Amino acid sequence: MKYQPSSIEEPNNPQSKKAKSKQLAYVMALRPRQWTKNLVVFAAPLFAFSINLQSFLGSLLAFILFCGASSGFYLINDIADVESDRQHPVKCQRPIAAGLVSVPVALGMALVLLTSVLTLGWLRSPQLGATVTAYALLQIAYNLRLKRMVILDIGAIATGFVLRAFAGAASTNIVLSTWFLLCTAMLALFLGIEKRKAELRLVQINGSKPRAVLRKYSLSLLSRMENVVTTGTVLTYTLWSAGPYLHGASTSWMLLTLPFVLYGIFRYQLLSDPQEIANDSNNHIEEGGRSERPEEVLLKDLPILVTVIGWILTCIAILYLKSQGFIM
């Protein structure tokens, strides 16, 4: 029997399809995939072994605020770069560049989001409000100038992650370890460098005109920078996980999580390797490799995802055993 669609599905209703497509365009303009970066706010209570309902709700608020703030600035950034995005092989599909969301509407969405998150942040606490404000000022500086300044552009990206970590602490009244902050900064620098490497390869592959800041980078320079921050990331995490003797974690058993960190970093480097990109069966070469978008690596690369889950479960197990007095 031939399938006859029901009237509820409205298969031939172009207005309904257009409305749904428009709504989806508004959501995609907020870049929800990028919200995975804001999960850093949950790191503060996790690293401090303060896992309870109160810390979860505080971190959740910080996560929501940073999702709103980051989406607001993504909208502003896409408005400012609309012409250059239309010339990019991937960014041309963004809703504003594709003409699916008008510039006035996008600007209105950005203003509502940023006003709301700043107000809520200050109402929650002066510390959280100051952190969200600092993030907003950083994004303004980044969009106006820093993203076109070599090295400082990557530094600004890393600072954004550190501010996210501060927000998680401010919303839960947790005092952060110095090693934790340094490790966060090093890891963020690592991801920023990998992103620039992927963008530079994309330019070389497509033969397109690079952005001004990319002209000042080279793969050899980025590789040397990568070596430095990789060492820094592993070293600072090791010092933190060594325990209270070094003013790090509350137990030295956190050293058991070090293999997850090492594998995660090495796996990410593998994904950004030119040979791996050339052999990738998913054919990411036209996009410069998966490391151009770190949030997609977390969501789509199974080994990375399993590593993150394994790290979290190990941390929870250590926390439980410590709370029960089985380990010190």
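Here the structure is a predicted model, which is why all the values come from computation and not from measurement. (Residues numbered from 1 in each chain as written. Predicted model: local features only at pLDDT ≥ 70, side-chain atom pairs only at ≥ 80, totals over all residues. Heavy atoms only, no water.)

### What about the overall build of the protein?
Looking only at helices and strands, the protein has 13 helices and zero strands in total. Along its sequence from the N terminus, the protein presents helices and strands in the succession α-α-α-α-α-α-α-α-α-α-α-α-α. Split into buried and exposed, the 328 residues of the protein put 46% on the buried side. As displayed, the protein has an accessible area near 17200 Å², and 67% of this comes from carbon and sulfur atoms. (Helix = DSSP H or I, 4+ residues; strand = E, 2+ residues; numbered from the N terminus. Buried < 20%, exposed > 50% of the residue type's maximum accessible area, 1.4 Å probe, protein only. Areas by Shrake-Rupley, 256 points an atom, 1.4 Å probe, with all protein chains shown as cover.)

### Quick notes on the nonpolar core
Judged by nonpolar contacts, the single largest core of 46 residues is most densely connected at Phe180, Tyr237 and Met254. Those elements that place two or more of their residues in this core are α2 (43–47), α7 (152–170), α8 (178–206), α9 (219–241), α10 (258–271) and α13 (302–323). When residues of this core are assigned to their parent elements, the largest contribution, 11 residues, is made by α8. Formed by 21 residues, the second largest nonpolar core is a distinct cluster that contains Val41, Cys67, Phe73 and Tyr142. (Core = buried A, V, L, I, M, F, W, Y, C linked by side-chain atoms within 4.5 Å.)

### Structural notes on the UniProt feature "transmembrane region" (unreviewed entry) in the protein
Annotation from UniProt places "transmembrane region" (unreviewed entry) at residues 57–76, 97–122, 128–144, 151–170, 176–193, 245–266 and 302–321. Annotated as 77% helix and 0% strand, the span residues 97–122 places its first and last C-alpha atoms 33 Å apart. (UniProt positions renumbered as here; feature names shortened; annotations may be inferred.)

### Some words on the packing of α8 against α9
Orientation of α8 relative to α9, taken along the N-to-C sense of each, is 155°, at an axis distance of 8 Å. By the angle class used here, α8 and α9 are roughly antiparallel. Considering the relative orientation of α8 and α9, their crossing is left-handed. Residues belonging to the contact of α8 with α9 are distributed by class as follows: 17 nonpolar, six polar and five charged. (Axes fitted to C-alpha atoms, helices over the stretch in contact; angles between N-to-C directions. Parallel < 35°, antiparallel > 145°, perpendicular 65-115°, else oblique. Left-handed = near helix turned anticlockwise from the far one by under 90°. Nonpolar A, V, L, I, M, F, W, Y, C, P; charged D, E, K, R; others polar.)

### Structural notes on α7
Taking 1.5 Å per residue as the helical rise, α7 with its 19 residues ought to reach 27 Å, and the 26 Å between its terminal C-alpha atoms agrees with that figure. Along α7, 14 of the 19 residues are buried, which leaves the element largely enclosed by surrounding structure. (Expected span 1.5 Å × (residues − 1).)

### Quick look at the packing of aromatic side chains
Per the stated rule, a full pass over the model turns up five aromatic pairs. The interplanar angle of 45° and the centroid separation of 5.8 Å between the aromatic rings of phenylalanine 42 and phenylalanine 63 together place this pair among those described as tilted. Of this pair, phenylalanine 42 sits in the loop between α1 (14–29) and α2 while phenylalanine 63 sits in helix α3 (residues 53–80), and the two are 21 residues apart along the sequence. For phenylalanine 42, a relative accessible area of 23% puts it in the partly exposed group. Phenylalanine 63 gets classed as buried once you look at its relative accessible area, which sits at 17%. (Phe/Tyr/Trp six-rings, centres within 6.5 Å; stacked < 30°, edge-to-face > 60°.)

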